[in-house]
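# An overview of the molecular structure
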Amino acid sequence: MSDGISDDAEDVVGVLTERIEASFAMDMDQLKAAVAAAPTANPDATDVVKWHGLLVQAQLVLDHAEDDLLAALETQPSEVDDPTMGLAHRVNAAVTARDGRALVVRWLLDPDAPGKKDLAAERLARLRPRTGPAVPTSAPHWPAGTPASASRAGRPVR
């Protein structure tokens, strides 16, 4: 990856964690606590904490998949069998998931990232969780004599 992120798997989470801490001027534990205490106070911090957690989980899955693959390779003769190839595919999938989540964290931290200052940003803002219902949750009140009240009463609508 570029932007100071090493290709070494161990560095991806560490570098992004440092960027998050610098961006919010607090360590991850403090940021997580602040988001837990007031999740709607800073939607950007809430998003970063969520995606950082997903990134850490993806890194753990990758670490376990790599360990399983290495253990299987140590017992292999010169040719790799199908179960071991399956483990290799699992490692590749885990790398893809980890890298995808890292890209999301990088995008969240970059205020000038594509899509943050245009129509796409407005659409994204509309996707944020709402504090109340998006639409009325009660049935509309129809005054007597309107076409809707007439059709409900079994009379045809004119």
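Structural data are supplied above this passage.
Summary of the structure given here. (Residues numbered from 1 in each chain as written. Predicted model: local features only at pLDDT ≥ 70, side-chain atom pairs only at ≥ 80, totals over all residues. Heavy atoms only, no water.)

This brings us to the overall build of the protein. The number of helices and strands found in the protein is six helices and zero strands. Listing every helix and strand of the protein by position from the N terminus yields α-α-α-α-α-α. Relative to its full complement of 158 residues, the protein shows a buried share of 26%. The contacts of the protein with a sequence gap of at least 6 include a subset with a gap of at least 24, amounting to 53%. With an accessible surface of roughly 10800 Å², the protein has 58% of that area assigned to carbon and sulfur atoms. (Helix = DSSP H or I, 4+ residues; strand = E, 2+ residues; numbered from the N terminus. Buried < 20%, exposed > 50% of the residue type's maximum accessible area, 1.4 Å probe, protein only. Contact = heavy atoms within 4.5 Å. Areas by Shrake-Rupley, 256 points an atom, 1.4 Å probe, with all protein chains shown as cover.)

The biggest cluster of nonpolar side chains holds 16 residues, and the ones touching the most others in it are Ile20, Phe24 and Leu31. Counting residues per element, the ones that place at least two in this core are helix 1 (9-24), helix 2 (28-37), helix 3 (43-74) and helix 4 (82-109). Ranked by residue count, the leading element in this core is helix 1, at five residues. Those residues in contact with Leu31, other than ones at most four positions away along the chain, are Ile20, Phe24, Met26, Ala45 and Val49. Listed in part, the seven residues of the second largest apolar core include Leu62, Leu69, Leu87 and Ala94. (Core = buried A, V, L, I, M, F, W, Y, C linked by side-chain atoms within 4.5 Å.)

A word on the pattern of salt bridges. Tallying each qualifying case throughout the model produces two salt bridges. Here Asp68 and Arg90 are joined by a salt bridge, their closest N and O atoms 2.6 Å apart. You can see Asp68 sitting in helix 3 and its partner Arg90 sitting in helix 4, a full 22 residues away along the chain. Classification of Asp68 by relative accessible area gives partly exposed; the value is 35%. Under the relative-accessibility criterion, Arg90 is labelled partly exposed at 37%. (Salt bridge = Lys/Arg side-chain N within 4 Å of Asp/Glu carboxyl O.)

Attention now moves to a nonpolar patch on the surface. Taken together, Leu70, Leu73, Val80 and Met85 make up a surface patch of nonpolar side chains, about 340 Å² in accessible area. Tracing the sequence through the fold places Met85 in helix 4. (Patch = residues over 30% accessible without salt bridge, like charges linked within 9 Å, V, L, I, M, F, W, Y side chains within 5 Å.)

The next thing to look at is the packing of helix 3 against helix 4. Helix 4 packs onto helix 3 with a crossing angle of 160° between their chain directions and a minimal axis gap of 8 Å. In this view, helix 3 runs roughly antiparallel relative to helix 4, as classed from their interaxial angle. Classified by chirality, the crossing of helix 4 by helix 3 is left-handed. Taken together, the residues of the contact of helix 3 with helix 4 break down into 22 nonpolar, four polar and six charged. (Axes fitted to C-alpha atoms, helices over the stretch in contact; angles between N-to-C directions. Parallel < 35°, antiparallel > 145°, perpendicular 65-115°, else oblique. Left-handed = near helix turned anticlockwise from the far one by under 90°. Nonpolar A, V, L, I, M, F, W, Y, C, P; charged D, E, K, R; others polar.)

A few words now on the side chain of His52. With respect to the helices, strands and loops of the structure, His52 is situated in helix 3. Look at His52 and you get buried, because its relative accessible area is 4%. Beyond its immediate sequence surroundings of up to four residues, His52 is in contact with Val13, Thr17, Ile20, Met28 and Val105.

Taking 1.5 Å per residue, 28 residues should reach 40 Å; helix 4 reaches 41 Å between its end C-alpha atoms and fits that length. Looking only at helix 4, the buried set comprises Thr84, Leu87, Val91, Ala94, Arg98, Ala102, Val105, Arg106, Leu108 and Leu109. (Expected span 1.5 Å × (residues − 1).)

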